[in-house]
Amino acid sequence: MFQNVGEMVILLWRSLLAMPRCWRQREKIFDQFFEIGNASLLMVCILSFFIGGVIALQTGPVLVERGLANAVGGVVGISICKELAPVMMSILIAGRIGSAMAAEIGSMRVYQEIDALRTMNISPIHYLVVPRLVAIAVALPLLVIFAILVGWLGGAFVCSANSRIDISFAAFFTTLRDIVQIKDVVNGVFKSFVFAWVIGVVSCHQGLITIGGPRGIGRSVTKAVVNSIVLIVILDYILTRILLR
Amino acid sequence: MSSPQPNHQGIGVQVRGLRKSFNRHEVLKGVDFEVKPGEIFVLMGPSGSGKSVLLKHVIGLEQPDEGEILLEGKPIQSSNVLDEYRLAMVFQSGALLNSLTVGENVGLYLTEHRLKPPEEIDRIVADTLEVLGLKGTEEKMPSELSGGMKKRVAIARALVIEPQLILYDEPTSELDPLSSVVIAEEIVKLNERIRVTSLVVSHDRDLAFGVAHRIAVINDGTILAIGTPEEIKRCQNPLVRDFLNASFRRADLHSA
């Protein structure tokens, strides 16, 4: 385990060193960026709309019964932007994109394509890892911003449609604006930026150390997703502690 | 086959006391040999004898436990030696990048190192593919090619590097006899045309005796014999003789 952590730190460091030349890989970055967005946008939309709806459904009636109807928009808004959107979207992306990264790089490793790159003096970090890291580090925060907006819409829709809550769209967003600050949204987006690096580094690392044919690729994909999710949840706690100060 | 003419293209390789173990299993047990500049040197031996591991050491994909590999007298472990000389390897599987077209695979080295403008890379790729009898395959994906074509694309990809040392890992494995002959002809033609040093790893006896200037026979991580094809044929080492004379006879099967 400690060896893996050390290797991931080294991979991250080497990737950061290669970043200044990442513009040379701009076509690959754009391809990956399109892949992440195209593969996940609809899922992000559905997931965040229903998360917003569920939070409104869970908190709305309780708050309204206690005369706190003017807090519903704020509670739903802040839950989504600070916690649910960054964490849930990161877990979704770890499952969809992290697994794809580990599988693609893992199969390249197993079928000697990475060895072939090395013999041509092409760094796998520069050629394979950096474009994926840059793309996910840009795409995930953008997806989270989108998820926050859709989640708020989902919450507003449920609040206006549910007779036990009965808060209009306008009232929902007025109370949301009173409580949610720009800083809260920035916190959530910042968290997702950190999680993007975690997913990218963990998945690429698992791909690069794949051994043993198709079974090895399957094992790497599973490890990439599970390790990413575990690290996301642990880092979420640490970042929340830091950002709450 | 006559010995190679003096050249300015190929580089010499020296392997000294090379040892390598994986999980306490010693794969290479002190291997020594030398490949002269411009020579076709075939390393022949049964499967699992350590040939491919040895090849990976020569191109820097593996680090030895003991011993050293010298390119033109300079150890490859020292910095920049692998950058100083142009090396290429043709993998047993071809190792083409499956997400790229044939043309992109062949031009990958030039594209990634930005050595030529895109139009010139396209021209070089087309010319190289034509030389190897693959004209018009630029837009095909590797999955659309036969095993022999993949091997030739891998050779084309190596050629574009204008290598001074080219390593072939089992170039005729999994190929039919006709495709094997084509690959063998390419190895010889390349050597004659650009005087590249060629280190070929194979257990194909026809290929070895057909293309080699010199042959080394390796078994269980140890070199058993080195010499010209004629010298190897006359070698009296029983393991070498067994390897060279092994053939399947139905009568032997029944008598056993």
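Residues numbered from 1 in each chain as written. Chains lettered and ligands numbered in written order. Predicted model: local features only at pLDDT ≥ 70, side-chain atom pairs only at ≥ 80, totals over all residues. Heavy atoms only, no water.

Let us look at the domain arrangement of chain B. All names here are of chain B. One can read the domain layout of chain B as domain 1 (8–86 + 175–247) and domain 2 (91–162). Spacing between the C-alpha centres of domain 1 and domain 2 amounts to 25 Å. Both faces combined, the contact of domain 1 with domain 2 buries some 920 Å², and carbon together with sulfur accounts for 72% of it. Where domain 1 packs against domain 2, one counts zero salt bridges. (Domains from an automatic or database assignment. Buried area = accessible area lost by both parts, 1.4 Å probe. Salt bridge = Lys/Arg side-chain N within 4 Å of Asp/Glu carboxyl O.)

Within the structure shown, the criterion is met by one cavity of 30 Å³ or more. Volume-wise, the largest cavity comes out at about 50 Å³. What lines the largest cavity is A116, T119 and M120 of chain A together with A88, M89, A154, R157, A158 and I161 of chain B. Counting only elements with at least two residues in the lining of the largest cavity, the list comes to α4 (113–119) of chain A together with β6 (87–90) and α6 (147–160) of chain B. The dominant element in the lining of the largest cavity, judged by the number of residues it contributes, is α6 of chain B, at three residues. (1 Å grid on protein atoms, 1.4 Å probe; cavity = no way out; pocket = protein on both sides within 12 Å on 5 of 7 lines; lining within 4 Å. Points joined across faces, edges and corners; volume = space filled by probe spheres on them. Helix = DSSP H or I, 4+ residues; strand = E, 2+ residues; numbered from the N terminus.)

Quick look at a nonpolar patch on the surface now. A surface patch of nonpolar side chains, amounting to about 560 Å² of accessible area, comprises V226, V230, I234, Y237, I238 and I242 of chain A. Structurally, V230 of chain A can be placed in helix α8 (residues 213–244). (Patch = residues over 30% accessible without salt bridge, like charges linked within 9 Å, V, L, I, M, F, W, Y side chains within 5 Å. Areas by Shrake-Rupley, 256 points an atom, 1.4 Å probe, with all protein chains shown as cover.)

Here the focus is the sheet that holds strand β1 (residues 13–22) of chain B. All names here are of chain B. Strand order across the open sheet formed by four strands is β2-β1-β4-β5, with antiparallel pairing between neighbours. Taken across any chain shown, the strands that pair with only one partner, and hence form the sheet edges, are β2 (25–35) and β5 (74–75). Relative to β2, β1 runs antiparallel, the two sharing eight bridges. Paired with L18 across the bridge in β2 is V31. (Pairing = 2+ DSSP bridges.)

A separate point is the sheet that holds strand β9 (residues 214–219) of chain B. All names here are of chain B. The six strands lie next to each other as β6-β7-β8-β3-β9-β10, forming an open sheet whose pairing is mixed. Of all the strands in the sheet, the pair left with one neighbour each is β6 and β10 (222–227). Each strand axis lies, on average, 15 degrees off the axis of its neighbour in the sheet, ignoring direction. As defined by bridge partners, β6 adjoins strand β7 (residues 165–169) across four bridges and the pair is classed as parallel. Within the sheet, the bridge partner assigned to M89 lies in β7 and is L167. Along the sheet face, helix α10 (residues 238–245) touches β3 (40–44), β9 and β10 and points at about 75 degrees away from the line of β10. (Axes fitted to C-alpha atoms, helices over the stretch in contact; angles between N-to-C directions. Contact = heavy atoms within 4.5 Å.)

In low-pLDDT regions, the fine details of the predicted coordinates are not to be read closely. All names here are of chain B. For chain B, per-residue confidence averages 86 on the pLDDT scale, and residues scoring 70 or more make up 93% of the total. Within chain B, helix α3 (residues 102–106) carries the highest mean pLDDT (95), whereas helix α11 (residues 250–255) carries the lowest (61). Below pLDDT 50 for its whole length, residues 1–8 participates in 15 contacts with residues either more than four positions away or in separate chains. (pLDDT = per-residue confidence, 0-100.)

Under the defined criterion, the tally for this structure stands at six aromatic pairs over all chains. With a centroid separation of 6.2 Å and an interplanar angle of 75 degrees, the aromatic rings of F193 of chain A and W197 of chain A are classed as edge-to-face. Here W197 of chain A and F193 of chain A lie together in helix α7 (residues 182–208), a separation of four residues that amounts to about one turn. On the accessibility criterion, F193 of chain A (35% relative accessible area) is partly exposed. Centroid distance F33 of chain B to F41 of chain B: 5.1 Å. Interplanar angle 5 degrees. Geometry classified as stacked. Looking at F33 of chain B, the relative accessible area reads 6%, which means it is buried. Of the residues examined, F41 of chain B reaches a relative accessible area of 0% and is grouped as buried. In this structure an aromatic cluster arises from ring pairing among F49, F50 and F157 of chain A. (Phe/Tyr/Trp six-rings, centres within 6.5 Å; stacked < 30°, edge-to-face > 60°. Buried < 20%, exposed > 50% of the residue type's maximum accessible area, 1.4 Å probe, protein only.)

The volume enclosed by the largest pocket comes to roughly 1,300 Å³. For the largest pocket, the lining is made up of 41 residues, of which K28 and Y127 of chain A together with L108, T111 and E112 of chain B are closest to its centre. Put simply, the parts of the chain that give the lining of the largest pocket at least two residues each are α1 (2–18), α2 (26–65), α3 (72–110) and α5 (124–161) of chain A together with α3, α4 (108–112) and α5 (118–131) of chain B. The class makeup of the residues in the lining of the largest pocket is 14 nonpolar, eleven polar and 16 charged. Quantified by volume, the second largest pocket comes out at close to 900 Å³. Forming the boundary of the second largest pocket are 27 residues, of which R14, R118, I122, S123 and P124 of chain A lie nearest the centre. A per-element tally of the lining of the second largest pocket places α1 of chain A first, with four residues. When grouped by side-chain class, the residues that make up the lining of the second largest pocket number 16 nonpolar, five polar and six charged. (Nonpolar A, V, L, I, M, F, W, Y, C, P; charged D, E, K, R; others polar.)

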